[in-house]
Amino acid sequence: MVAPTITISADEVAFYHREGYLAVARSLSTPDELVMVRGIYDRLFTEMAGWEQGSAFDLAGTDDDSEASLPQILGPSKWAPELKETLYYANAYAIAKQLLGPECQMGGDHAILKPAFKGSPAPWHQDEAYWNPDIEYHSLSVWVPLQDAPVESGCLHFVPGTHRMEVLSHHTIGHDPRIHALEIDPSDRYDLSTAVACPLRAGGATLHYSRTMHYAGPNLTDRPRRAYIIGFGIPPTRRAEPRDFYWNAGKQTARQKRAADALAKRQAETAR
Ligand code: NI
């Protein structure tokens, strides 16, 4: 494995735990590595790698349109394992260990592309709202832009302190069950006026807890905004109190259908 080159300061660790997010301005990568990764990234999105398996899809649409408004690929390193042999992976892991402890492990990775002059906003949400309600998570995400990510290209925004809240109720965008992306219900329990935008240079990173409220605006620039996200966590535990994430149970997305079809096909092939 590649040796990490970055450590964060005690002040940064304290800031993260207090505010629920952290922006790291220095690059986790190198200019040459970013060129290489952008090449892989663009190829995966041209192919929409994982489409048939339901792991590539339009996060903010129904997959009916010829061009996705917010294309996402889950597990890009499955299609390009060399992505895990990079300096930014090593640095993201090292920072995650500083924040979560030495037993922390890599979870999944994903990629969210906002095409130039396009790319729907990713509405306010908590990542944990997508996950298993019976599990108590201790995890964070590292969000790395592969090119400069100014506010107008759709960098992340956070509401400080919201990592201490429970998961609030969510709904799919427009209450459309065909759409995967979730949006937090309007509530007086949070105050968006304290939100902080975190523009970054290429290879910088933001980190956030699984419950920190965050949002990314549309891409108004003439260049694609490529974000690579890696999840880390210490082993989750079973929750004593159950939760009901009913907003996921009601979904009927084209990607679920493709995933089910691909699974049935694999099972039929194994049975033969
Ligand atoms: Ni998110």
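In this text, all values refer to a predicted model and were calculated from it rather than measured experimentally.

Cut-offs applied
Residues numbered from 1 in each chain as written. Predicted model: local features only at pLDDT ≥ 70, side-chain atom pairs only at ≥ 80, totals over all residues. Heavy atoms only, no water. Pairing = 2+ DSSP bridges. Helix = DSSP H or I, 4+ residues; strand = E, 2+ residues; numbered from the N terminus. Axes fitted to C-alpha atoms, helices over the stretch in contact; angles between N-to-C directions. Contact = heavy atoms within 4.5 Å. Donors = N, O, S within 2.8 Å, 3.2 Å for Na, K, Ca; no water. Buried < 20%, exposed > 50% of the residue type's maximum accessible area, 1.4 Å probe, protein only. Polar contact = N/O pair within 3.5 Å; in protein donor to acceptor, adjacent residues only side chain to side chain. Core = buried A, V, L, I, M, F, W, Y, C linked by side-chain atoms within 4.5 Å. Salt bridge = Lys/Arg side-chain N within 4 Å of Asp/Glu carboxyl O.

Engineer: What is the right way to look at the sheet that holds strand β11 (residues 205–209) in this model?
Structural biologist: Strand pairing in a sheet relies on backbone hydrogen bonds, with the paired strands running either antiparallel or parallel. Spatially, the seven strands line up as an open sheet ordered β1-β11-β6-β13-β4-β3-β2, and their pairing is antiparallel. The open sheet terminates on both sides in strands that have one partner only, identified here as β1 (21–24) and β2 (56–58). Across the sheet, the mean angle from the axis of one strand to that of its neighbour is 20°, orientation sign disregarded. Bridging between strand β6 (residues 135–145) and strand β13 (residues 225–238) involves ten bridges; their strand directions are antiparallel. Along β13, the bridge assignment pairs Trp 143 with Ile 229. Helix α1 (residues 10–19) contacts β1, β6 and β11 of the sheet and is inclined by roughly 145° relative to β1. Against the sheet, helix α2 (residues 31–47) makes contact with β3 (71–74), β4 (105–114) and β13, and its axis sits at roughly 70° relative to β4, the strand it touches most.

Engineer: I keep staring at the coordination of the nickel ion and nothing clicks. Help me out?
Structural biologist: Geometry reference: four tetrahedral donors at a metal, ideal angle 109.5 degrees. Six octahedral donors, ideal angles 90 or 180 degrees. Only His 125 (NE2), Asp 127 (OD) and His 214 (NE2) from the protein reach the nickel ion as donors, at distances of 2.0 to 2.1 Å. Here the donor residues of the nickel ion share one chain and are spaced in sequence as H-x1-D-x86-H. With relative accessibility at 10%, the residue His 125 sits in the buried group. Residue classification places Asp 127 among the buried positions, given a relative accessible area of 11%.

Engineer: Explain the pairing of β4 to me, please; I cannot follow it from the model alone.
Structural biologist: Working note: regular strand, side chains alternate between the two faces of the sheet. Two elements, β3 and β4, share three bridges in a ladder whose sense is antiparallel. Bridge pairing in β4 places Ile 73 opposite Ala 111. Relative to β13, β4 is paired through eight bridges, and the arrangement is antiparallel. Residue Lys 114 lies in a different strand from β13, and its bridge partner there is Arg 225.

Engineer: Whenever I open this one, unusual backbone geometry confuses me. Can you help?
Structural biologist: The bulk of non-glycine residues show a negative phi, and the bulk of peptide bonds are trans. Its identity is not glycine, yet Asp 63 carries a phi of approximately 70°, on the positive side. For Asp 63, the location among the structural elements is in the loop between β2 and β3. The residue Phe 117 is not glycine, and still its phi comes out positive at about 55°. Checked against the element boundaries, Phe 117 lands in the loop between β4 and β5 (122–125).

Engineer: Looking at this structure, I do not really get the environment of His 170. What am I missing?
Structural biologist: If you trace the backbone, His 170 turns up in strand β8 (residues 170–172). Owing to a relative accessible area of 1%, His 170 belongs among the buried residues under this scheme. Taking the C-alpha atoms as reference points, His 170 and Pro 218, 48 residues apart in sequence, are found 20 Å from one another. With residues near it in sequence (within four places) discarded, His 170 still touches His 125, Gln 126, Ala 129, Leu 182, Glu 183, Ile 184, Asp 185, Tyr 246 and Trp 247. Of note is the side chain of His 170, whose polar atom sits 3.1 Å from the backbone nitrogen of Gln 126. Within the local environment of His 170, its side chain forms a polar contact with the backbone oxygen of Leu 168, the two atoms lying 2.7 Å apart.

Engineer: How should the nonpolar core be read in this particular structure?
Structural biologist: The nonpolar side chains of soluble globular proteins are, as a tendency, buried together. Leu 28, Leu 140, Val 142, Leu 207 and Phe 232 are the most contacted members of the largest nonpolar core, which totals 39 residues. Per-element accounting of this core gives the leading share, eight residues, to helix α4 (residues 87–100). Setting aside residues up to four positions removed in sequence, Phe 232 forms contacts with Ala 92, Tyr 93, Ala 96, Leu 100, Cys 104, Gln 105, Met 106, Gly 107, His 138, Ser 139, Leu 140 and Val 142. Ranked by size, the runner-up nonpolar core spans 19 residues in total, among them Tyr 21, Leu 156, Phe 158 and Ala 227.

Engineer: Would you explain the pattern of salt bridges in this entry?
Structural biologist: Opposite charge on two side chains allows them to pair when their charged atoms are near. Inspection of every chain in the model, using the stated rule, returns 15 salt bridges. A salt bridge links Arg 243 to Glu 128; the shortest N-O distance between them is 2.8 Å. Note that Arg 243 is positioned in the loop between β13 and α5 (246–249) and Glu 128 in the loop between β5 and β6, a separation of 115 residues in sequence. Assigned by exposure class, Arg 243 and Glu 128 land together as buried. Among the ionic pairs, Glu 136 bridges to Arg 211, the shortest N-O distance being 3.2 Å. One end of the pair, Glu 136, is in strand β6; the other, Arg 211, is in the loop between β11 and β12 (214–216), with 75 residues separating them in the sequence. One salt-bridge network, held together by shared partners, links Glu 128, Glu 136, Glu 166, Arg 211, Arg 239 and Arg 243.

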